[in-house]
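Descriptive analysis of the structure
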There are 2 protein chains.
Amino acid sequence: MKTANEIPYKIYLEEDEMPTTWYNVRADMKVKPAPLLNPGTLQPMTAQELAPVFCEELVKQELDNDTRYYPIPQEILDFYRMYRPSPLVRAYCLEKKLGTPAKIYYKFEGNNTSGSHKLNSAIAQAYYAKQQGLKGVTTETGAGQWGTALSMACSYFGLDCKVYMVKVSYEQKPFRREVMRTYGASVVPSPSETTNVGRDILSRFPGTGGSLGCAISEAVEVAVSNPGYRYVLGSVLNQVLLHQSVIGVEAKAAMDKYGIVPDIIIGCAGGGSNLGGLIAPFMGEKLRGEKDYRIIAVEPASCPSFTRGRFAYDFCDTGKVCPMAKMYTLGSGFMPAPNHAGGLRYHGMSSILSQLYHDGFMEARSVEQTSVFRAAEEFARVEGILPAPESSHAIRAAIDEALKCKETGEEKTILFGLTGTGYFDLVAYEKFHDGLMTDYIPTDEDLQKGFDGIPKVDL
Amino acid sequence: MKTANEIPYKIYLEEDEMPTTWYNVRADMKVKPAPLLNPGTLQPMTAQELAPVFCEELVKQELDNDTRYYPIPQEILDFYRMYRPSPLVRAYCLEKKLGTPAKIYYKFEGNNTSGSHKLNSAIAQAYYAKQQGLKGVTTETGAGQWGTALSMACSYFGLDCKVYMVKVSYEQKPFRREVMRTYGASVVPSPSETTNVGRDILSRFPGTGGSLGCAISEAVEVAVSNPGYRYVLGSVLNQVLLHQSVIGVEAKAAMDKYGIVPDIIIGCAGGGSNLGGLIAPFMGEKLRGEKDYRIIAVEPASCPSFTRGRFAYDFCDTGKVCPMAKMYTLGSGFMPAPNHAGGLRYHGMSSILSQLYHDGFMEARSVEQTSVFRAAEEFARVEGILPAPESSHAIRAAIDEALKCKETGEEKTILFGLTGTGYFDLVAYEKFHDGLMTDYIPTDEDLQKGFDGIPKVDL
């Protein structure tokens with residue numbers, strides 16, 4: 001089925017061709033992302049204010065809008081080489097199935113045990129914690145991809161890892177929990193008796209199943225009140241997008257090697273960690289005026305931050321214990337409908353991506369979940385990989401673009417990010433197979449309730 | 001951490017370096033494996049007798065002891081290239097953790113959605129069924145790896161796929177079932193109302209949870225009584241070992257590329273599909289007297305076919321509907337203890353491997369499951385991959401051999417087969433974490449009961 005131009009099914013880089021630096025897209029942005037604000041003073045958070053929560057080096061990365069390239073420390077490169085380069089795959093079989101003249105490529109980040117791209121930043125954050133001589137880190141996890149990745153990373157560096165897992169997920173996703181335990185993490189159902197905020201919530205709402213907001217609050221409390229601990233986060237932050245740039249830098253190196261230039265780059269968007277990483281070097285060329293690419297963010301219709309949200313300062317967490325960020329947001333009180341499967345349920349969006357979208361450097365679209373699962377199944381049957389629901393948002397858009405090419409006869413080159421595997425999402429697949437999955441699009445009234453919670457800060 | 005000799009963490013072959021032939025180790029065996037017998041006549045099964053059950057080309061492969069190399073059809077090569085070459089990994093991190101001078105390599109077959117090496121043969125069997133113009137195939141599955149692989153393969157070629165899944169597994173492993181459904185397979189809990197044998201068993205044992213023997217009988221009945229259908233099997237058979245030789249041929253090509261010669265080759269052994277595939281080309285050199293390797297089969301202490309079984313003609317299935325094979329067997333009535341986790345619970349063993357073991361070309365050892373899970377966890381924490389319990393038997397033996405090298409100071413090169421991932425085995429991991437996993441070694445009396453069921457055929 002391979003075509004005459006002899007692009008292999010999977011393009012791998014040799015180890016000596018792999019990226020040795022992360023790329024900081026902020027360095028090429030004329031309009032920088034707005035700074036995090038201290039919600040009390042409404043002043044930009046300083047390094048000093050962030051230091052009790054985050055590792056020193058990560059604070060530096062968070063605030064650095066200028067350094068273009070960060071050398072990746074050797075220890076992180078060593079770890080990356082256990083599962084990177086991730087394959088860049090030419091989707092010959094999907095193209096044939098669709099009968100499209102488009103050339104479709106995907107960068108597959110699910111080929112590591114954590115099952116997603118989250119490991120790229122987890123190992124970096126664990127490394128800097130270790131370098132700083134810390135004992136351990138705390139975090140929260142909902143669906144569990146981030147917690148799994150962080151557990152693996154901490155295990156590698158011998159760091160203590162405490163994961164606050166939303167209680168309903170802890171009970172409904174015991175397998176995710178066991179993967180984390182295999183890597184030596186202590187996994188605590190949240191709310192718990194181990195923190196003040198947890199005890200308080202338990203006394204006020206006995207039997208509650210918890211929430212991400214509460215889990216964040218517990219993880220932050222433990223980090224700041226235990227010497228030698230810091231809190232880490234798997235998305236949204238600038239530092240996370242910096243680490244995740246390895247996805248895009250690698251993809252671009254592999255495409256350059258074969259002279260492939262994408263016309264369209266597609267990624268799913270929740271907090272922005274994958275999308276920001278995938279597009280980084282391409283966006284850099286676009287920002288510098290060297291090349292043009294169509295860049296498309298795909299989000300769920302049930303949680304449409306980009307396409308229906310407000311560009312405003314808002315809290316990053318439902319518990320409102322974290323700094324405020326300027327971003328596309330549905331309001332920190334917004335919760336997607338309970339029938340929503342998988343991730344991408346975050347109310348906000350990376351400040352970097354929000355600014356780029358606001359300034360017209362990328363597009364966004366929303367898709368409904370049944371059409372996402374149809375795309376997932378179509379993809380799985382010909383390309384062999386069982387995709388995560390999150391990743392399948394990008395598959396949906398890639399298929400749609402390829403079908404447009406079929407109509408017009410254009411031979412466009414499409415690159416999309418396949419962020420992870422769906423092994424822990426089979427309850428959702430089952431619902432889909434049994435015809436029990438429905439779509440949900442919030443009404444304007446639903447959204448207004450979320451918007452009402454956005455603080456009235458006009459800066 | 002990489003050492004001065006510059007062996008990369010992962011050795012990949014370029015597409016033009018990938019094997020294009022399967023290797024049939026039988027061609028180099030002076031003593032051929034004993035033929036399958038018709039249990040009625042006690043005469044070797046003919047191609048004509050096998051044709052109603054298996055595809056024509058597969059019958060030919062099953063009976064062919066002479067052809068050394070089989071060209072892999074282009075369509076199968078195309079499919080292989082979606083997930084092959086599988087990585088050959090230098091376990092630098094494990095070596096460091098163990099403090100061993102040994103050099104450890106593993107061939108990782110879990111990097112495809114089915115999660116194991118089973119796909120290598122599933123795609124071949126589906127291809128030949130398609131070539132023959134069949135409508136579909138039937139099979140049974142217990143733990144589900146084989147059923148998943150076959151579903152993927154049938155989906156790719158547009159074949160109907162009917163999987164009889166042991167009812168207890170169907171109910172306890174709904175996620176495996178959903179993966180198969182994603183690939184379009186019809187998954188039937190066995191015993192079922194869809195076959196005579198199923199209805200008979202249900203009427204005699206209402207509420208039974210089923211057994212692999214019953215599922216085989218149902219799958220075979222459906223295959224032989226429906227025009228355009230054949231039955232397929234994922235292990236034990238000669239044809240399966242032929243297809244799985246791609247593992248070993250690829251591993252050897254990658255090692256040859258870097259001048260690496262293994263001293264010890266280790267594989268887990270249930271029916272023999274992985275072990276037979278991994279060792280094939282190395283065994284070929286050994287049989288031809290060109291090189292010597294230590295080859296070690298690792299089996300569970302709870303199901304010790306090689307180390308405590310009899311070398312005799314026996315039924316391949318508990319239902320006794322299939323031909324008899326000469327092999328190391330615990331008796332077709334033997335069932336490993338219910339506390340046994342994961343696969344490798346087959347009472348018999350590939351006839352090829354049985355003959356090679358009998359003739360002294362390989363060793364075998366048995367290991368207990370808690371020590372297997374300890375090895376799995378140790379491996380996962382440093383190498384990042386969550387291994388299947390089956391694969392972890394090989395990890396256990398590889399670690400033990402590496403620790404012996406630490407004592408003696410020998411720099412041996414160890415190659416082991418990492419057959420798959422453990423995403424669907426987390427109930428077993430949970431048991432292990434919670435200290436609820438126990439070991440079980442059958443007594444001589446337990447084994448005698450199984451031996452009593454071996455037919456008294458002395459040939």
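Residues numbered from 1 in each chain as written. Chains lettered and ligands numbered in written order. Predicted model: local features only at pLDDT ≥ 70, side-chain atom pairs only at ≥ 80, totals over all residues. Heavy atoms only, no water.

1. Some points on the overall build of chain A
- Check the secondary structure of chain A and you find 18 helices and 15 strands.
- Overall, chain A is about 65 × 50 × 45 Å in size when its C-alpha atoms are taken along their principal axes.
- The long-range share in chain A, meaning contacts at least 24 apart out of those at least 6 apart in sequence, stands at 76%.
- Surface summary for chain A: the accessible area is close to 15,400 Å², and the carbon and sulfur share equals 52%.
- Charged side chains in chain A number 47 positive and 54 negative. The centres of these two groups are separated by 1 Å. (Helix = DSSP H or I, 4+ residues; strand = E, 2+ residues; numbered from the N terminus. Contact = heavy atoms within 4.5 Å. Areas by Shrake-Rupley, 256 points an atom, 1.4 Å probe, with all protein chains shown as cover. Lys, Arg positive; Asp, Glu negative; His and termini not counted. Charge placed at Lys NZ, Arg CZ, Asp CG, Glu CD.)

2. Considering the interface of chain A and chain B
- With 44 residues of chain A at the contact, the number on the chain B side is 44 residues.
- Interface area for chain A against chain B, summed over the two sides, is near 4,300 Å², with a carbon-plus-sulfur share of 54%.
- Taken together, chain A and chain B are joined by 4 salt bridges.
- Close ionic contact of Asp434(B) with Arg181(A) constitutes a salt bridge, the shortest N to O distance being 2.7 Å.
- Inspection of the chain A/chain B interface yields 23 residue pairs in polar contact (both at pLDDT 80 or more).
- Elements with a contribution of two residues or more to the side of chain A that touches chain B: α3 (74-83), α6 (145-157), α8 (174-182), α15 (369-383) and α17 (426-433) of chain A.
- Among the elements that take part in the side of chain A that touches chain B, α8(A) stands out by supplying 6 residues, more than any other.
- Its residues assigned to classes, the side of chain A that touches chain B shows 22 nonpolar, 7 polar and 15 charged. (Buried area = accessible area lost by both parts, 1.4 Å probe. Salt bridge = Lys/Arg side-chain N within 4 Å of Asp/Glu carboxyl O. Polar contact = N/O pair within 3.5 Å; in protein donor to acceptor, adjacent residues only side chain to side chain. Nonpolar A, V, L, I, M, F, W, Y, C, P; charged D, E, K, R; others polar.)

3. Regarding helix α16 (residues 389-408) of chain A
All names here are of chain A.
- Here α16 is 20 residues long and its end C-alpha atoms lie 29 Å apart, about the 28 Å a rise of 1.5 Å per residue gives.
- The buried count for α16 comes to 14 of 20 residues, which makes it a mostly enclosed element.
- The positive-phi residue at the C-terminal boundary of α16 is glycine 409, with phi of around 80 degrees. (Expected span 1.5 Å × (residues − 1). Buried < 20%, exposed > 50% of the residue type's maximum accessible area, 1.4 Å probe, protein only.)

4. Examining the nonpolar core
- Residues Met362(A) and Met362(B) are the most contacted members of the largest nonpolar core, which totals 241 residues.
- Excluding residues within four positions of it along the chain, Met362(B) makes contact with Leu275(B), Ile279(B), Met283(B), Ile295(B), Ala297(B), Phe306(B), Leu353(B), Leu356(B) and Tyr357(B). (Core = buried A, V, L, I, M, F, W, Y, C linked by side-chain atoms within 4.5 Å.)

5. Brief notes about the packing of aromatic side chains
- Applying the stated criterion to the full structure yields 43 aromatic pairs over all chains.
- Three or more aromatic residues joined by ring pairs form one cluster here, namely Phe79(A), Tyr80(A), Tyr83(A), Tyr127(A), Tyr128(A), Tyr156(A) and Phe157(A).
- The aromatic ring of Tyr170(B) is capped on one face by Arg177(B), whose charged end is 4.7 Å from the ring centroid. (Phe/Tyr/Trp six-rings, centres within 6.5 Å; stacked < 30°, edge-to-face > 60°. Lys NZ or Arg CZ within 6 Å of the ring centre and 35° of its normal.)

6. Observations concerning the environment of Thr421(A)
- Structurally, Thr421(A) can be placed in the loop between β15 (413-418) and α17.
- Beyond its immediate sequence surroundings of up to four residues, Thr421(A) is in contact with Phe108(A), Gly110(A), Gly115(A), Gln145(A), Leu386(A), Pro387(A) and Ala388(A).

7. Description of the relation of the copies chain A and chain B
- Least-squares fitting of chain A to chain B yields an RMSD of 0.0 Å, with the transformation described by 0.0 Å of translation along the axis and a rotation of 180 degrees. Here the two chains are linked by the operation of a two-fold rotation axis.
- Looking at chain A, 100% of its interface residues are interface residues in chain B too, so the copies touch through the same face. (Least-squares fit on C-alpha atoms with pLDDT ≥ 70 in both.)

8. Description of the side chain of Asn120(A)
Residue and element names in this part refer to chain A.
- Among the structural elements, asparagine 120 can be located in helix α5 (residues 119-131).
- A polar contact of 2.7 Å, which involves the side chain of asparagine 120, links it to the side chain of tyrosine 83.
- Within the local environment of asparagine 120, its side chain forms a polar contact with the side chain of glutamine 244, the two groups lying 2.9 Å apart.

9. Notes on the packing of α8(A) against helix α17 (residues 426-433) of chain B
- α17(B) packs onto α8(A) with a crossing angle of 50 degrees between their chain directions and a minimal axis gap of 9 Å. Here α17(B) runs oblique to α8(A), going by the angle between their axes. Considering only the axes of α8(A) and α17(B), their crossing is left-handed. Contacts between α8(A) and α17(B) involve Phe175(A), Arg177(A), Glu178(A), Val179(A), Arg181(A) and Thr182(A) on the former and, on the latter, Leu426(B), Val427(B), Tyr429(B), Glu430(B) and His433(B).
- Counted by class, the contact of α8(A) with α17(B) contains 5 nonpolar, 2 polar and 4 charged residues. (Axes fitted to C-alpha atoms, helices over the stretch in contact; angles between N-to-C directions. Parallel < 35°, antiparallel > 145°, perpendicular 65-115°, else oblique. Left-handed = near helix turned anticlockwise from the far one by under 90°.)

10. Points about the pattern of salt bridges
- Applying the stated criterion to the full structure yields 58 salt bridges over all chains.
- We note a salt bridge from Arg177(A) to Glu178(A), for which the minimum N-O separation is 3.4 Å. Comparing Arg177(A) with Glu178(A), the two get one shared label, buried.
- With its nearest N and O atoms 2.6 Å apart, the salt bridge here joins Glu430(A) to Arg177(B). Placement of Glu430(A) in helix α17 and of Arg177(B) in helix α8 (residues 174-182) is noted, with the two residues assigned to different chains.
- Here Arg177(B) falls in the buried class, since its relative accessible area comes to 10%.

11. What to know about empty space enclosed by the protein
- One pass over the structure, following the stated rule, counts 5 cavities of 30 Å³ or more.
- Volume-wise, the largest cavity comes out at about 580 Å³.
- Those elements that place two or more of their residues in the lining of the largest cavity are α3 and β5 (103-108) of chain A together with α3 (74-83) and β5 (103-108) of chain B.
- Here the residues of the lining of the largest cavity sort into 24 nonpolar, 12 polar and 4 charged. (1 Å grid on protein atoms, 1.4 Å probe; cavity = no way out; pocket = protein on both sides within 12 Å on 5 of 7 lines; lining within 4 Å. Points joined across faces, edges and corners; volume = space filled by probe spheres on them.)

12. What about the sheet that holds strand β11 (residues 294-300) of chain B?
Residue and element names in this part refer to chain B.
- The sheet built from 7 strands is open, its strands ordered β1-β4-β5-β15-β10-β11-β14 with mixed pairing. Of all the strands in the sheet, the pair left with one neighbour each is β1 (10-11) and β14 (363-367).
- Two elements, β5 and strand β15 (residues 413-418), share 6 bridges in a ladder whose sense is parallel. Each bridged residue has a counterpart across the sheet, and for tyrosine 105 the counterpart in β15 is leucine 415.
- The strands touched by helix α11 (residues 238-257) are β1, β4 (88-90), β5 and β15; relative to β5, the strand with the most contacts, the crossing angle is about 140 degrees. (Pairing = 2+ DSSP bridges.)

13. Observations regarding unusual backbone geometry
Residues and elements named next belong to chain B.
- The linkage connecting arginine 84 with the following residue, proline 85, adopts the cis geometry, with an omega of 0 degrees.
- Structurally, proline 85 can be placed in the loop between α3 and β4.
- Omega for the peptide link from serine 190 to proline 191 comes to 5 degrees, which places this bond in the cis form.
- Along the chain, proline 191 turns up in the loop between β8 (186-190) and α9 (196-204).
- For leucine 42, which is not glycine, the phi dihedral falls at a positive 60 degrees.

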